Amino acid sequence: MTKDSHDECEPRFDHDSEMENVLQNREPVTRSRSLMQRGGERMGLPQHEIMELITPQQVTTFRIPCKILGKVVNFAGVLALHNNARGPFKGGIRLAADVTIWETIELSRLMTLKCAACDVEFGGGKTGIRVDMPALYNRFGRGPKRDLEFEKIISLDAVEYYSQHFRDVFSRHIYVPAPDMGTGPDEMAFIYNETLDPASVTGKPEGTPGWLPGRKESTGVGCCYIALRAMDEFLGLDASQAKIAIQGFGNVGKPLAQGLAEAGCKVIAITDFFGGVYNADGLNIADLLEHESIHKTVDGFAGGEPMTNEQLFEADVDCLIPAAAGDVITSHNAGDIKAKLVVEAANMPTTVEGMDILQQRGIRVVPDILANAGGVIASMLEYSSSLSAVKPSKEDVLETCKRKIGDNFALAVGYAQEHGTSVTEAAVHMATERVYAVMKSRRMM
Ligand code: NAD
């Protein structure tokens, strides 16, 4: 899928950031950057202060030699520390073949905004490690069938060497990592093994010191809650009347689909990296979970017809939920979306151009920094309970996620109504104001 302005790197700002001067190339125009610029202008800030808010505080690139199954593999990666005005840099570790510096910076900025938008006392950071699985299958003479054990060895080894490299950063709580695409609780356990500090990492597996009940499903549960609430508030639609399409059936997509189905919605389409499935009467999510646990994809599920990712975005549904990759709603498909509501479970699934088209077409959007904040809200509880050794219950964790998302969603909707903006713009504005206030009071600018 074409990625709009991300491809072109067209400058749209008169002022380069210090980071752009150092890297000697310009950041692609991204939604968070554009909206922070607009927010800063609305707040009446001078351009140099807006650039302070937009620009990351530190970006480290690395190349780590890992000994894997008797061979040396050099993994390249980026650690982007965007802003720690409101708390330690916080954000997931992404393993993917297409990781870039600017993408990792954008994701770290999104974490700053997400934590501020949901009033979580963390800043924003992110790690991207370039792991090209197909190339590694070739190099190790594996395949053509998918070998999950081999993929696990790769991801665990990559994270183990990475955590040795950055142990000090984690141990001092400068940056507190968590899972993102390509990583999960298993990889977080390796970070704990390195630091032996329960508060140095969140998203730890059950039983590991400092693990949190409810953390695993928190993002999906929070997203399900806000999707149901937005369908009610924006569309006047009860769950029993709602038809939903979801892209992605992983850490986020699975509890999300399960929650929506349990609430009475018809989840009629789900796709993933390998394919998809459609059933006009609603997919049986329990059966689909079982299919996925065996085949590691929804593709080939007997309880529906095959569906492609392109078809999913044009499906005749009330609510469309991207819960997989970024940049999937663009100028090329935003005009074809039939859903009246988009709930952004994935991080930055919509390009600037895609966002403008959705807004012109009157399609309501719950932005990523609210919709998928359940994970970082639970991480805040995991961090604080790791420090205090007092563990909250799963019910309390999930209730806190819903409350914090719900309260801040209401504030963003109120701001949007008052100022005639979208909820996305309102949420970014609110977050930018909160970060700015602390940067000023801490004399960070
Ligand atoms: P995951 O790796 O567990 O699952 C990703 C799912 O998306 C899989 O089903 C995969 O097949 C599918 N997918 C990946 N690339 C795809 C593509 N190009 N086209 C179609 N499907 C694709 O990841 P996750 O943890 O569920 O994360 C999903 C999204 O949610 C990401 O954008 C992530 O940044 C965001 N997110 C995750 C969390 C969390 O707690 N896990 C928190 C906040 C945001």
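Provided above is the structure to which this section pertains.
Quick caveat, the model's predicted, so the values are computed rather than measured.

Visitor: I keep staring at the packing of helix α3 (residues 31-42) against helix α5 (residues 101-117) and nothing clicks. Help me out?
Guide: A pair of packed helices can be characterised by two numbers: the angle between their axes and the separation between those axes. α5 packs onto α3 with a crossing angle of 50 degrees between their chain directions and a minimal axis gap of 9 Å. The pairing of α3 with α5 is recorded here as oblique in orientation. Along its contact with α3, which presents Arg31, Ser32, Arg33 and Met36, the element α5 presents Glu106, Arg109, Leu110 and Leu113. In the contact of α3 with α5, the residues fall into three nonpolar, one polar and four charged.

Visitor: How should I be thinking about the sheet that holds strand β1 (residues 58-68) in this particular structure?
Guide: Strands belonging to one sheet form pairs held by backbone hydrogen bonds; the direction of such a pair is parallel or antiparallel. Spatially, five strands are ordered β1-β2-β4-β3-β5 in an open sheet, and the strand pairing comes out mixed. With one partner strand each, in any of the chains shown, β1 and β5 (175-179) form the two edges of the open sheet. Strand-to-strand, the axes of this sheet are offset by a mean angle of 25 degrees, without reference to chain direction. As paired elements, strand β3 (residues 89-96) and β5 share five bridges and run parallel to each other. The residue of β5 that forms the bridge with Lys90 is Val176.

Visitor: In this structure, what is going on with the packing of aromatic side chains? I would like to understand it.
Guide: Note on aromatic pairs: each is described by the distance of the centres and the angle between the planes. Applying the stated criterion across every chain, the model contains ten aromatic pairs. Ring plane angle 65 degrees and centroid distance 5.2 Å describe the contact between Phe62 and Phe166, whose orientation is recorded as edge-to-face. Taken together, the positions of Phe62 in strand β1 and Phe166 in the loop between α7 (148-165) and α8 (167-171) put the pair 104 residues apart, joining distant regions of the chain. Neither residue differs from the other here; Phe62 and Phe166 are each classed as buried. Both rings, one in Phe234 and one in Phe409, keep their centres 5.8 Å apart while their planes meet at 55 degrees; by these two values the pair is tilted. Placement of the pair is Phe234 in helix α10 (residues 215-235) and Phe409 in helix α17 (residues 394-419), with a sequence separation of 175 residues. Using a relative accessible area of 16% as the deciding quantity, one classes Phe234 as buried. An aromatic cluster of three or more residues is present, and its members are Phe62, Tyr162, Phe166, Phe170 and Tyr175. The cationic tip of Lys90 hangs over the ring face of Phe122; the distance from NZ or CZ to the ring centre is 5.6 Å. The ring centre of Phe234 lies 3.9 Å from the NZ or CZ of Arg364, which sits over that ring.

Visitor: Could you clarify how one ought to interpret the side chain of Glu27 in this entry?
Guide: Mapped onto the secondary structure, Glu27 falls in the loop between α2 (18-23) and α3. On the basis of relative accessible area, Glu27 is assigned to the buried category, the value being 5%. A polar contact of 2.3 Å, which involves the side chain of Glu27, links it to the side chain of Arg109. The contacts of Glu27, once residues within four sequence positions are left out, are Glu20, Arg33, Trp102, Ile105, Glu106 and Arg109.

Visitor: I'm lost on the environment of Phe150 in this one. Help?
Guide: Relative to the elements of secondary structure, Phe150 occurs in helix α7. Assessed through its relative accessible area of 1%, Phe150 is described here as buried. Residues Phe150 and Tyr137 lie 13 residues apart in sequence; the distance between their C-alpha atoms is 8.5 Å. Residues contacting Phe150, with those up to four places away along its chain left out, are Leu69, Leu136, Tyr137, Phe140 and Arg142.

Rules used throughout
- Residues numbered from 1 in each chain as written.
- Predicted model: local features only at pLDDT ≥ 70, side-chain atom pairs only at ≥ 80, totals over all residues.
- Heavy atoms only, no water.
- Axes fitted to C-alpha atoms, helices over the stretch in contact; angles between N-to-C directions.
- Helix = DSSP H or I, 4+ residues; strand = E, 2+ residues; numbered from the N terminus.
- Parallel < 35°, antiparallel > 145°, perpendicular 65-115°, else oblique.
- Contact = heavy atoms within 4.5 Å.
- Nonpolar A, V, L, I, M, F, W, Y, C, P; charged D, E, K, R; others polar.
- Pairing = 2+ DSSP bridges.
- Phe/Tyr/Trp six-rings, centres within 6.5 Å; stacked < 30°, edge-to-face > 60°.
- Buried < 20%, exposed > 50% of the residue type's maximum accessible area, 1.4 Å probe, protein only.
- Lys NZ or Arg CZ within 6 Å of the ring centre and 35° of its normal.
- Polar contact = N/O pair within 3.5 Å; in protein donor to acceptor, adjacent residues only side chain to side chain.

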